[in-house]
Amino acid sequence: MHIRLAADTDLQPLSHLFDHYRQSCDHPSDINGCYTFLSQRLSENDSIIFVACESDNILGFIQLYPSFSSLLLQPVWYFEDAYVMPQYRNQGIASQMIARANVLANSAQVKLVDGHREQSLRV
């Protein structure tokens, strides 16, 4: 398994995974809406998506949204979305993706913040 940034070539399988994620959060299926949303995020560079892959299969993803923090006086990446396919859970995949995001955030001198709890993420 390897973790990398998502690319346009991932849109189709990533859209299906994103649709499963939304359904797991009690939202109705909308594969076309997911595709459009993710396509816009990637083309406009307003989110950062890491994918965990094995062979040609995407097993999971996390999504970060760049912003700024007035209180921290620095750029931040809000960690909003995470999903791993059920059959691959409890194998540390989400933790590995977060760790990879932390490495990139540190190298870019950006703080990674949990968008749901407004606190720094450390793995």
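Residues numbered from 1 in each chain as written. Predicted model: local features only at pLDDT ≥ 70, side-chain atom pairs only at ≥ 80, totals over all residues. Heavy atoms only, no water.

### A short note on unusual backbone geometry
A positive phi angle, near 65 degrees, is found at Asn 90, a position not held by glycine. Among the secondary structure elements, Asn 90 is positioned in the loop between strand E4 (74-84) and helix H3 (93-107). Look at Asn 90 and you get exposed, because its relative accessible area is 84%. The phi dihedral of Gln 109 falls on the positive side, at around 55 degrees, and the residue is not glycine. Inspection of the secondary structure assignment puts Gln 109 in the loop between H3 and strand E5 (111-114). Owing to a relative accessible area of 67%, Gln 109 belongs among the exposed residues under this scheme. (Helix = DSSP H or I, 4+ residues; strand = E, 2+ residues; numbered from the N terminus. Buried < 20%, exposed > 50% of the residue type's maximum accessible area, 1.4 Å probe, protein only.)

### Section: the packing of aromatic side chains
The geometry of an aromatic ring pair comes down to the distance between the two centres and the angle between the two planes. If you walk through the whole model with that rule in mind, you get six aromatic pairs. With a centroid separation of 6.5 Å and 35 degrees between ring planes, the pair formed by Phe 61 and Tyr 83 is classed as tilted. Pair noted here: Phe 61 is in strand E3 (residues 57-69) and Tyr 83 is in strand E4, with a separation of 22 residues, a long-range link. An identical accessibility class is assigned to Phe 61 and Tyr 83; each is buried. (Phe/Tyr/Trp six-rings, centres within 6.5 Å; stacked < 30°, edge-to-face > 60°.)

### Examining the pattern of salt bridges
A complete count under the given rule lists three salt bridges for this structure. Between Arg 4 and Asp 10 there is a salt bridge, with its nearest N and O atoms 2.7 Å apart. For Arg 4, a relative accessible area of 27% corresponds to the partly exposed category. Overall, Asp 10 belongs to the buried group, its relative accessible area being 5%. The closest approach of N and O atoms between Arg 41 and Asp 46, which form a salt bridge, is 2.8 Å. The network of salt bridges with shared partners includes Arg 41, Glu 44 and Asp 46. (Salt bridge = Lys/Arg side-chain N within 4 Å of Asp/Glu carboxyl O.)

### A short note on the nonpolar core
The biggest cluster of nonpolar side chains holds 17 residues, and the ones touching the most others in it are Phe 50, Ile 62, Leu 64, Trp 77 and Met 97. Those elements that place two or more of their residues in this core are strand E2 (48-54), E3, E4 and H3. Looking at this core, the element that brings in the most residues is H3, giving five residues. Residues Ala 6, Leu 17, Leu 42 and Cys 53 belong to the second largest nonpolar core, which totals 15 residues. (Core = buried A, V, L, I, M, F, W, Y, C linked by side-chain atoms within 4.5 Å.)

### Overview of helix H2 (residues 31-44)
The end-to-end C-alpha distance of H2 is 20 Å, a good match for the 20 Å that 14 residues give at a rise of 1.5 Å each. Every buried residue of H2 is accounted for by Cys 34, Leu 38, Arg 41 and Leu 42. Along the axis of H2, the buried positions cluster into a sector of 95 degrees, meaning they face one direction only. In H2, the exposed positions angled more than 90 degrees off the buried face are occupied by Asn 32 and Ser 43. In the core, the buried residues of H2 are packed alongside helix H1 (11-24), E2 and E3. Note on H2: the residue one or two positions beyond its end, Asn 45, has a positive phi of about 50 degrees. (Expected span 1.5 Å × (residues − 1). Arc of directions from axis to C-beta. Contact = heavy atoms within 4.5 Å.)

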